[in-house]
Amino acid sequence: MSGRVDGWRWAGRVFLVLILLFTAVPMVWMLLTSIKSQFAAMQYPPQWWPKEPTLQNYTKLLDPTNPVGNDFLRYMWNSFYVSLATTVLGVAVAVPAAYAFSRFRFPGRTFLFFAVLLRNMFPAVVFLMPLFILMRWLGLVGTHGSLILTYLTFGLPLSIWLLKGFYDNIPIQLEQAARIDGATRFQAFLLIVMPLSVPGILATSIFSFIGAWNEYVYAATFLNRQDQLTLPVGIQRFFAEFATDWPGLMAATFLMSVPVVVLFLVLQRYFVRALTEGAVKS
Amino acid sequence: MAVTSDPASGSLRRDDGLLRRIVAHRADYAYVLPALVVMMVVIAYPIWFTIDMSFYKTPASLQLRDRTFVGWKNYETILTAPAFWSVTLNTVIWTLASTFFAFLLGLGAALSLHREFAGRAVLRAILLIPYVISAVAASYLWKWLYHSDFGVIGALSVQWGFTDKPINFLDNIHTALPSLIVVNIWREFSFAMIMLMAGLQTVPEQLLRAAQVDGANAWQRFWHVTAPHLKGVSMVTVLLLMVANFNSFIVPYLMTGGGPAGASDIWITHIYQIAFGRQNWGLASAYSVILFIVMMCLGYFYVQALTRGDKGRPE
């Protein structure tokens, strides 16, 4: 190895350190702020390291007997409920569709597939008003059903796209063998393909769950009762009702991020695979 | 064509007529039907509604009975408003700068992480966290970092002697948009990183070694061997980043609301303001239609980039 190659390698290391700082310092500051008191956080120059670290922000948020904690836990439950329902329904609808797009050659397949894909490109904001009117007409405004239905359609294109990639990689011969052994087409799908596509379903579920958990725009528009709010909308109350309680807000932001980060870390392999599926052809 | 799973349909040829083929494949549609029904209701209807609405003047109450037909007037209003061009310029800067830097940082990170070393997986996971957490969390976090009195960035810039007193990043017409772009890059670069890391796996190791034997230096190896292999995945990544940035709403909305004085207003926040602030639904719809058209152009390139690789793929 020449010295020049080592030079590039060192440049890579320096770059990694810098980009790690860029990524991590904001998150570390969030954590440090969340263990300060309101008084300690609002100082100039800042206390770089909390002089009297306290967990009071967290105990307050997680204590059901405290009014703030009671609301926060309710928002968290709402988020969880909406995200889970979206994920389960989304997978149930996406699996057969993705399978059909992968295996069958019915007329209009390509057109429908790209129509599904293009749906991904429209921003939420321009759909807000028509969907609000639609939900009003369906009588769903102010219910979690409106969010689940909306998130479902938003997650579907991506789910179908991801799952199709997984099905494309399952050898067709397996089903053909099952058909020869007398299985119907649906049986072959259910008994042979489904078990093999568990990783794909997991990957799709993570995306679906994280997407629903993080969504803000529709949740802010469709819900109107305080006790129905999901977390991203609910934590706004830290701005509205109190003179911004920054340590409390940072603690709430941290707690809100924990489930998705844990989910991501545990299922990282599937997450990464899902992200790159379809874009990279070897 | 090995994929015709249904032996019955294998006998059907292209010239059998559309109707006959549809009938022969009727069972196939059962699989896609639930997805299509849901999507039609929640997608086709809003698009039709928006296009229709863009030709009307509507009362604030959203009582559709009281709307009046105005033809192309909404479009005229938009394109002749002085705000349109400043908002468009902001949108272009926002989209291109975010995409460019996110891609560049992602590429650097992917190249640096390509070689195996201890802690590589941990590092990759940490770098991905900003991409996973919600834009709402990121917005509040960075709002606190940029805080005019107690923000850590302002304090650091004083500490290190860059400025005399903390800058009010989000409330200054010169710094608002760049500050938001930084947040966007923070959130998105690891997406580019992951895509490009996957792309790097397709570069044949022998080719790189052969180039090295032939005396190519690191830069030449990157430019002549690695880069051509990354072309496809780079195009998809750049397009997805552009679409995401063009459509991003939460960061500008929660952090500056498009302010100060429209300095960080982009199309999406502007449309939201027209619709929900001024309650001018017709105008907002016309704006959305213009946005649809831009999206369709990007979408066309996206489909092109995706299918380019698909043709060579054995079916």
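Remember, it's a predicted structure, so these values are computed and weren't measured experimentally. (Residues numbered from 1 in each chain as written. Chains lettered and ligands numbered in written order. Predicted model: local features only at pLDDT ≥ 70, side-chain atom pairs only at ≥ 80, totals over all residues.)

Digging into the overall build of chain A
So, point 1. Helix and strand counts for chain A come out as 15 helices and zero strands.
So, point 2. Over its C-alpha atoms, taken along the principal directions, chain A stretches across nearly 75 × 70 × 35 Å.
So, point 3. Counting across all 282 residues of chain A, residues that qualify as buried make up 44%.
So, point 4. Restricting the contact set of chain A to residue pairs at least 6 apart, pairs at least 24 apart contribute 73%. (Helix = DSSP H or I, 4+ residues; strand = E, 2+ residues; numbered from the N terminus. Buried ≥ 20, exposed ≤ 12 C-beta atoms within 10 Å, placed from the backbone. Contact = placed C-beta atoms within 7 Å.)

Side note on the confidence of the model for chain B
In regions of low pLDDT, the predicted coordinates are not meant to be interpreted in detail.
All names here are of chain B.
So, point 1. Confidence in the prediction for chain B averages 84 pLDDT; 90% of positions are at 70 or higher.
So, point 2. Taken element by element, chain B is modelled with least confidence in helix H1 (residues 7–10), mean pLDDT 42, and with most confidence in helix H9 (residues 176–200), mean pLDDT 94.
So, point 3. Confidence over residues 310–315 falls short of pLDDT 50; this stretch has four contacts with residues more than four positions distant or in other chains.
So, point 4. Among the prediction metrics, the complex's ipTM stands at 0.88, with pTM recorded as 0.86. (pLDDT = per-residue confidence, 0-100.)

A look at the interface of chain A and chain B
So, point 1. With 83 residues of chain A in contact, the opposing surface of chain B contributes 79 residues.
So, point 2. The dominant element in the side of chain A that touches chain B, judged by the number of residues it contributes, is helix H1 (residues 3–34) of chain A, at 16 residues.
So, point 3. Taken together, the residues of the side of chain A that touches chain B break down into 63 nonpolar, 13 polar and seven charged. (Nonpolar A, V, L, I, M, F, W, Y, C, P; charged D, E, K, R; others polar.)

With respect to the nonpolar core
So, point 1. Judged by nonpolar contacts, the single largest core of 161 residues is most densely connected at Ala97(A), Ala192(B) and Ile271(B).
So, point 2. Per-element tally for this core: the top contributor is H9(B), with 15 residues.
So, point 3. A domain-level breakdown of this core finds at least three residues from each of domain 1 (18–69) and domain 2 (81–311) of chain B.
So, point 4. Look past the residues within four positions of Ala192(B) in its chain and what remains in contact with it is Ala102(B), Phe103(B), Gly106(B), Leu107(B), Thr237(B) and Leu241(B). (Core = buried A, V, L, I, M, F, W, Y, C linked by C-beta atoms within 7 Å. Domains from an automatic or database assignment.)

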